[in-house]
Amino acid sequence: MNDTASPKTFLPYGRQQIDAEDEQAVLDVLRGDWLTTGPAVDAYEEAFADRVGAQHAVACSSGTAGLHMAAIAIGLDFGDVVVVPSVTFLATANAVRYVNADVLFADVDPETGLVGAEQIARAIAGLSEGTVKAIFPVHLTGHTVDIASLRSAFPHLAMVEDACHALGGEYDAGKGMVPVGSCPLGGITMFSTHPVKTIATGEGGVLTTNSQVLANRLRWARNHGMVREPERFQNRVMGFENGEAAPWYYEMHLPGYNYRLSDVNAALGLSQLRKLDRFVARRRALRQRYAERIDALGPHVAMQKVAQGCNPAWHLAVALIDFAALGTTRTAVMNALRDRGIGTQVHYIPVHRQPYYAKRYGPLNLPGADAYYARCLSLPLFPAMEESDVDRVVDELADVLKL
Ligand SMILES: *Cc1c(COP(=O)(O)O)cnc(C)c1O
């Protein structure tokens, strides 16, 4: 297999990069004793925590599972309300519903796609105090929400950062640049390692936190709510014989799930993590090339505006295009690009527009989300691309748009 995308190959909007080292790492696990709950998971978690500068990393079976675990860990329950930006993947909102809490959709900045303190304040306005329990900010496309301003505007709300797009990036949370995932202001940060994300494990997710209490709860939620540490046993009579801990004994303290990551996936993740810096550097260079070329296409086409206060690790290269002003539609442009071997995607349909949520919460007026959605188009971005691939995409785009 060729790692480099040749001029004729189809360019999807994103794809993984797997090399011989990754293959060997997986093979080593397949030939070993542990396919799951083994040393590869521990090594992956340790390396991940180290890389993002967090005390704890908890690997899990998907980003969605991770969000559900986080919702459990912060204690969300029936009737609680969680603020979620409308421009995100379905899973960010759905995790709130899994624990019977309700979603309060916030608007986003129409140019960056990010939620901010102002939009959250507008969403919350009028609700009685104590109703809203948490915020799930989303670091959309790889640049980051200003979490320091959220923390100071809403000091009592729990925070779960959806950083699926932002692994390898840095942000300033008040004390200079720190890695995304280091949880500088507390809470939990969640990552996905689905193949379109920055590192791939097939399916997979990782949660990071600096709180021992939250890390324990995340591990319970991941593994049936089971406790195996004798010092935590609640039933001393059943857990001990003659003062000795019973070797078979375990206790269930909450109804958890099986959200474990296998050692096969973890080994791939550990191997991929070693390449993270290279992947991020490639993504930055390619996104830079897009910015130079796209911004020269005239007034109706621009790259998504970049948020201040961060050093983004780009997951997506998003152009904002005024299709109507150019006398076309997004459907026509996407189909024409696909016929020319270029895959594009839309990230995302505002979640408040989904029939399930529209039925539950009625029509909402979120003009920033609608304006961002109307113009966004994710262009191919993955580390095997060359600058010449970017030029090919922009040339074809300009041609399709008759610019
Ligand atoms: C990918 C993604 C998820 C879900 O992650 P999975 O691993 O696919 O379950 C959640 N939120 C965002 C923003 C994502 O991009």
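Just so it is clear, the model here is predicted, and its values are computed rather than measured.

Each value, and the rule that gives it
- Residues numbered from 1 in each chain as written.
- Predicted model: local features only at pLDDT ≥ 70, side-chain atom pairs only at ≥ 80, totals over all residues.
- Heavy atoms only, no water.
- Near = heavy atom within 4 Å.
- Polar contact = N/O pair within 3.5 Å; in protein donor to acceptor, adjacent residues only side chain to side chain.
- Areas by Shrake-Rupley, 256 points an atom, 1.4 Å probe, with all protein chains shown as cover.
- Helix = DSSP H or I, 4+ residues; strand = E, 2+ residues; numbered from the N terminus.
- Nonpolar A, V, L, I, M, F, W, Y, C, P; charged D, E, K, R; others polar.
- UniProt positions renumbered as here; feature names shortened; annotations may be inferred.
- Contact = heavy atoms within 4.5 Å.
- Axes fitted to C-alpha atoms, helices over the stretch in contact; angles between N-to-C directions.
- Left-handed = near helix turned anticlockwise from the far one by under 90°.
- 1 Å grid on protein atoms, 1.4 Å probe; cavity = no way out; pocket = protein on both sides within 12 Å on 5 of 7 lines; lining within 4 Å.
- Points joined across faces, edges and corners; volume = space filled by probe spheres on them.
- Domains from an automatic or database assignment.
- Buried area = accessible area lost by both parts, 1.4 Å probe.
- Salt bridge = Lys/Arg side-chain N within 4 Å of Asp/Glu carboxyl O.
- Pairing = 2+ DSSP bridges.

On to the site of the ligand. Among the 15 residues in the neighbourhood of the ligand, the closest are listed as Thr64, Asp162, His165, Ser192 and Lys197. At 2.7 Å, a side-chain N or O of His165 approaches an oxygen atom of the ligand. One of the side-chain nitrogen or oxygen atoms of Tyr348 is found 3.2 Å away from an oxygen atom of the ligand. Notes on the ligand: free accessible area 380 Å², of which the protein chains cover 93%. Of all elements in the fold, only helix H3 (63–73), helix H4 (90–98) and strand E8 (188–192) reach the threshold of two or more residues within the shell around the ligand. Across the shell around the ligand, the residue classes tally to five nonpolar, eight polar and two charged.

Listed under "modified residue: N6-(pyridoxal phosphate)lysine" (unreviewed entry) in the UniProt record, and renumbered for this structure, are Lys197. Once you skip the residues sitting within four places of it in the chain, Lys197 turns out to touch Cys164, Ser192, Arg283 and His315.

Our focus in this paragraph is the packing of helix H10 (residues 276–294) against helix H14 (residues 387–400). Running from amino to carboxyl end, H10 crosses H14 at an angle of 30°, the nearest separation of the two axes being 9 Å. In this structure, the crossing between H10 and H14 has a hand that is right-handed. Where H10 approaches H14, its residues Arg282, Ala285, Leu286, Arg289, Tyr290, Arg293 and Ile294 are matched on the opposing element by Glu387, Val390, Asp391, Val393, Val394, Asp395 and Leu397. Here the contact of H10 with H14 is built from residues that sort into eight nonpolar, no polar and six charged.

By rolling a water-sized probe across the atoms, one finds the places where empty space is left. Applying the stated rule across the entire model yields one cavity of 30 Å³ or more. Taken as a whole, the largest cavity encloses approximately 40 Å³ of empty space. Lining the largest cavity are Arg15, Gln16, Gln17, Pro195, Lys197, Thr198, Ile199, Ala200, Gln272, Phe279, Arg283 and Pro383. Considered class by class, the residues forming the lining of the largest cavity number five nonpolar, four polar and three charged.

Next up on the list: the domain arrangement of the protein chain. As far as domains go, the protein chain holds domain 1 (20–273) and domain 2 (276–400). A straight line from the C-alpha centre of domain 1 to that of domain 2 covers 27 Å. Facing the 41 residues of domain 1 at the interface are 39 residues of domain 2. Between domain 1 and domain 2, roughly 3,400 Å² of surface is buried when both sides are summed, and carbon and sulfur atoms account for 57% of that area. It is Phe105, Glu111 and Thr141 that lose the most area in domain 1 upon contact with domain 2, and together they represent 18% of the buried surface on that side. Where domain 1 touches domain 2, the interface holds three salt bridges. Two residues, Arg360 and Asp102, come together in a salt bridge whose shortest N-O distance is 2.8 Å. Linking domain 1 to domain 2 there are 26 residue pairs in polar contact (both at pLDDT 80 or more).

Here we have three strands laid out as an open sheet, ordered E14-E16-E17, and antiparallel in their pairing. A strand with exactly one partner marks an edge of an open sheet, and here the two such strands are strand E14 (301–303) and strand E17 (376–379). Ignoring which end each strand starts from, the neighbouring axes of this sheet average 30° apart. Strand direction decides the pairing type here: E14 and strand E16 (residues 317–321), joined by three bridges, are antiparallel. Bridge pairing in E16 places Val301 opposite Ile321.

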